[in-house]
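# Secondary and tertiary structure notes
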There are 2 protein chains.
Amino acid sequence: MELTRYVSQNRMLVAVDCIIFGFDGQDLKLLLIKRGFNPEKGRWSLMGGFVQPKESFENAAQRVLKQLTGLENVYLEQLYAFGYPHRDPLERTASIAYFALIDIFKYEKQLSSDFHPEWFLLKEIPPLIFDHADMIEMAKEKLRYKAAFQPVLFELLPEKFTLPQLQNLYEGVYESLMDKRNFSRKILSTGLLLKQKQKDKVGSKRGAFYYKLNNKKYRNMFNGFLNFIPYPKKLK
Amino acid sequence: MELTRYVSQNRMLVAVDCIIFGFDGQDLKLLLIKRGFNPEKGRWSLMGGFVQPKESFENAAQRVLKQLTGLENVYLEQLYAFGYPHRDPLERTASIAYFALIDIFKYEKQLSSDFHPEWFLLKEIPPLIFDHADMIEMAKEKLRYKAAFQPVLFELLPEKFTLPQLQNLYEGVYESLMDKRNFSRKILSTGLLLKQKQKDKVGSKRGAFYYKLNNKKYRNMFNGFLNFIPYPKKLK
DNA sequence: TCAAAAGTGTTGTCCTTACACCCATGT
DNA sequence: ACATGGGTGTAAGGACAACACTTTTGA
């Protein structure tokens, strides 16, 4: 015998939306798509989808992410549940927002066409549907908050990267300038980085040494409390 | 004309659940209720309720909280959206968990009877329905995380409180001991506290001075990054 | 040879920790 | 008078911010 269901309560649609961050060595970017159906068809939007009956929210976000980027095993974290009644004018729809940090170079090899995805500079996000701009704002804030104490930004980098690239990344996230001497001392003192013998010759004539993550240490420290950003700074 | 709805998608129930923290000057506590309906009738549970058609999640949480405690304008923050398919065995139900920090003494004056609420020591939480224990675990963690950098724990205190009480609170949240000299220096250096002339004579013969929050400063600092917990410590 | 970016060391200041004694009062 | 918890100061070490010059190399 089935117990009675929760009668006389209203059900609603539940979707996930993904705020997908990437970093090209210079600038922080977001991956957006052209919405393919009504309402708001053709406008820019976060990638999203409805949660299916047998799926957890996390699984739904992974599915949606894979659908767009082809990537799996990506850093994905629940951001916030958005649910005011008319956020989707057509029908009440809750959205569980996730933010993802991906290696933009892995993505660029993928060919995903249906959604007309495009990378936008974080500073040049176009108008978006519904409350997606709020979601992005919150994701930026959470990323700043989190990256201040945990080495999460490495998820945005390829296997090999240079210190100047890493500093660009931190400067982008915090929209501020940092002293390269203090920055490298602090980062290197964590012991997270392994210096490589090769240099990256793209960004400069002299070239900058590549580093890789010390993966074992990285996993151990991932949930620790560190102190990655400098105290309040003078900008020149 | 109405646009087509999102046909062939499944809707689900959405509820809110509240993790309600209190502090009696000595220990951290949680407010739990006896669930009044099936399934799992009569077992301990977080206070919750279904989100109504015209309600945001935040409003639903406020409503539920007021229903139980009689309190409004309480510190309330979204924690996480729990949604794996069978968390409620009866029917798929998402739960948006909120955590609340309330002044336990304000509550104690309220008479709310229907739910058979009881305060439990945070260290002595009974078995709970569904995934409520996970919610509490996450709430504890988030409170620790947040209180490390923001003066959020004052939301748990009455208007007037003593430094030893405040220290008990921090020690309870971090399950560790702190040096009272360093603690008071650090707290007082924020300028958040206003010393009162009266003393609390309950906790000791000599009595401890009351302090009040400097509310203006409090509001300004609330979203700042501070450093409230000591670096790794030796416990005696 | 010059322009452009990479790399590196020192110093002063402030924050943090560790630690011990006296004070006020109710019993 | 004594037991209980409240209140305070100092010194040493570590972390942080400020700061400038040399190196490399492609054009």
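Residues numbered from 1 in each chain as written. Chains lettered and ligands numbered in written order. Predicted model: local features only at pLDDT ≥ 70, side-chain atom pairs only at ≥ 80, totals over all residues. Heavy atoms only, no water.

## Comments concerning helix 4 (residues 163–174) of chain B
All names here are of chain B. Put simply, the rule is: A helix here means a DSSP run of H or I that spans at least four residues, while a strand means a run of E at least two residues long, and both kinds are numbered starting from the N terminus. One fewer than the residue count of a helix, multiplied by 1.5 Å, yields its expected span. Remark: exposure states derive from per-residue accessible area (1.4 Å probe, protein chains only) relative to the maximum for the residue type, with buried under 20%, exposed over 50%, and partly exposed in between.
Over its 12 residues, helix 4 runs 16 Å from end to end, which matches the ideal 16 Å to within 8%, given 1.5 Å per residue. Those residues of helix 4 that fall on the buried side of the exposure criterion are Leu163, Leu166, Gln167, Leu169, Tyr170, Glu171, Val173 and Tyr174. Directly beyond the C-terminal end of helix 4, a positive phi value near 45° is found at glutamate 175.

## Structural notes on the domain arrangement of chain A
Residue and element names in this part refer to chain A. Stated precisely, the cut-off is as follows: Domain start and stop points were drawn from an automatic or database domain assignment. Throughout, a contact is declared for two residues whenever any of their heavy atoms are within 4.5 Å. Put simply, buried area is the surface a 1.4 Å probe can reach on two separate parts but cannot reach once they are joined, added for both.
Each domain of chain A was delimited in the assignment, giving domain 1 (13–148) and domain 2 (158–234). Distance from the C-alpha centre of domain 1 to the C-alpha centre of domain 2: 27 Å. Each partner contributes to the interface: domain 1 provides 12 residues, whereas domain 2 provides 14 residues. Counting each side, the surface lost to burial between domain 1 and domain 2 is near 1,100 Å², with a carbon and sulfur contribution of 63%.

## Here's the deal with empty space enclosed by the protein
All names here are of chain B. Our working definition: Grid points spaced at 1 Å and placed over the protein atoms alone form the basis of the search, with a cavity being a set where a 1.4 Å probe fits but cannot get out and a pocket an open set showing protein on both sides within 12 Å along at least five of seven lines. Lining residues have an atom within 4 Å of a point. Grid points are joined across faces, edges and corners, and a volume is the space filled by probe spheres set on the points. Amino acids are sorted into nonpolar (Ala, Val, Leu, Ile, Met, Phe, Trp, Tyr, Cys and Pro), charged (Asp, Glu, Lys and Arg) and polar (every other residue, Gly among them).
For the structure shown, the criterion picks out 1 cavity of 30 Å³ or more. Lining the largest cavity, in full, are Phe21, Leu28, Leu122, Lys140, Leu143, Arg144, Gly172, Val173 and Glu175. The leading source of residues in the lining of the largest cavity is helix 3 (residues 132–147), at 3 residues. Here the lining of the largest cavity is built from residues that sort into 5 nonpolar, 1 polar and 3 charged. Counting only domains with at least three residues in the lining of the largest cavity, you end up with domain 1 (13–148) and domain 2 (158–234).

## A word on the sheet that holds strand 9 (residues 193–200) of chain A
Definition in use: The rule for pairing is simple: two strands pair if DSSP sees at least two bridges between them.
The strand order 8-10-9 (chain A) describes an open sheet built from 3 strands, whose pairing is antiparallel. Strand pairing shows two members of the sheet lacking a second neighbour, strand 8 (161–162) and strand 9 of chain A, which therefore form its edges.

## Describing the sheet that holds strand 10 (residues 208–213) of chain B
Residue and element names in this part refer to chain B. Here we have 3 strands laid out as an open sheet, ordered 8-10-9, and antiparallel in their pairing. Edge positions in the sheet fall to strand 8 (161–162) and strand 9 (193–200), since each has one partner strand and no second. Of the pairings in the sheet, the one linking strand 8 to strand 10 comprises 2 bridges and is antiparallel in character. Paired with phenylalanine 161 across the strands is tyrosine 211, a residue of strand 10.

## Considering a positive patch on the surface
Residue and element names in this part refer to chain A. We apply this condition: To count toward a patch, a residue needs a relative accessible area above 30% and no salt bridge. Like charges then connect within 9 Å, nonpolar side chains (Val, Leu, Ile, Met, Phe, Trp, Tyr) within 5 Å. For the area figures, the Shrake-Rupley method with a 1.4 Å probe applies, and any residue is considered shielded solely by the protein chains shown. Criterion for a salt bridge: a side-chain nitrogen of Lys or Arg within 4 Å of a carboxyl oxygen of Asp or Glu. For the charge count, each Lys or Arg is scored as positive and each Asp or Glu as negative, with His and the chain ends excluded. In this description, the location of a charge corresponds to atom NZ of lysine, CZ of arginine, CG of aspartate or CD of glutamate.
On the surface, Lys180, Lys195, Lys199, Lys201 and Arg206 cluster together to form a positively charged patch. As for its position among the elements, lysine 201 is in the loop between strand 9 and strand 10 (208–213). Relative accessible area serves as the criterion here: at 53%, lysine 201 is assigned to the exposed category.

## Concerning the pattern of salt bridges
Pairs may arise between side chains of opposite charge once their charged atoms sit close together. Here the structure, examined in full by the defined rule, presents 22 salt bridges over all chains. Taking the shortest distance from any N to any O, the salt bridge between aspartate 179 of chain A and arginine 181 of chain A comes out at 3.1 Å. Note that aspartate 24 of chain B and lysine 29 of chain B form a salt bridge whose closest N and O atoms lie 3.1 Å from each other. Exposure remark for lysine 29 of chain B: the relative accessible area of 19% places this residue in the buried category. When salt bridges with common partners are traced through the structure, they connect Glu77, Lys142 and Lys146 of chain A into a single cluster.

## Looking at the environment of glutamate 58 of chain B
Mapped onto the fold, glutamate 58 of chain B is located in helix 1 (residues 57–69). Owing to a relative accessible area of 29%, glutamate 58 of chain B belongs among the partly exposed residues under this scheme. With residues up to four places along the chain from it excluded, the contact list for glutamate 58 of chain B reads Tyr80 of chain A together with Leu76 and Tyr98 of chain B.

## Things to note about the side chain of glutamate 91 of chain B
Of note, glutamate 91 of chain B is situated in the loop between strand 5 (75–82) and strand 6 (93–101). Judged by relative accessible area, which is 10%, glutamate 91 of chain B ranks as buried. Once residues within four sequence positions are removed from consideration, glutamate 91 of chain B is found in contact with Arg5, Tyr6 and Arg11 of chain A together with Leu13 of chain B.

## A closer look at the environment of isoleucine 33 of chain B
Residues and elements named next belong to chain B. As for its placement among the helices and strands, isoleucine 33 is situated in strand 2 (residues 28–34). When the C-alpha atoms of isoleucine 33 and phenylalanine 115 are compared, they prove to be 5.5 Å apart, with 82 residues separating the residues in sequence. In this structure isoleucine 33 touches Arg43, Trp44, Ser45, Leu46, Met47, Leu68, Phe115, His116 and Pro117, once residues within four positions along its chain are discounted.

## Section: the packing of aromatic side chains
This is how it is decided: Between 30 and 60 degrees the pair is tilted, below 30 it is stacked and above 60 it is edge-to-face, where a pair is any two Phe, Tyr or Trp rings, Trp via its six-membered ring, whose centres lie within 6.5 Å. We call a charge positioned above a ring when the Lys NZ or Arg CZ atom is no farther than 6 Å from the ring centre and deviates by at most 35 degrees from the ring normal.
The full count for this structure, using the stated rule, is 28 aromatic pairs over all chains. Ring centres of tyrosine 75 of chain A and phenylalanine 222 of chain A lie 6.0 Å apart, and the angle between their planes is 55°; on these two criteria the pair is classed as tilted. Within this pair, whereas tyrosine 75 of chain A is found in strand 5 (residues 75–82), its partner phenylalanine 222 of chain A is found in the segment after helix 6 (215–221), the two being separated by 147 residues in sequence. By relative accessible area, which is 13% here, tyrosine 75 of chain A ends up buried. Here tyrosine 80 of chain B and phenylalanine 82 of chain B contribute two aromatic rings whose centre-to-centre distance is 5.1 Å and whose plane-to-plane angle is 70°, an arrangement assigned as edge-to-face. On the accessibility criterion, phenylalanine 82 of chain B (8% relative accessible area) is buried. Of the aromatic side chains, those joined through ring pairs into one cluster are Phe21, Tyr75, Phe99, Phe154, Phe161, Tyr218 and Phe222 of chain A. The ring of phenylalanine 209 of chain A has lysine 195 of chain A lying over it, and the distance from NZ or CZ to the ring centre is 4.5 Å.

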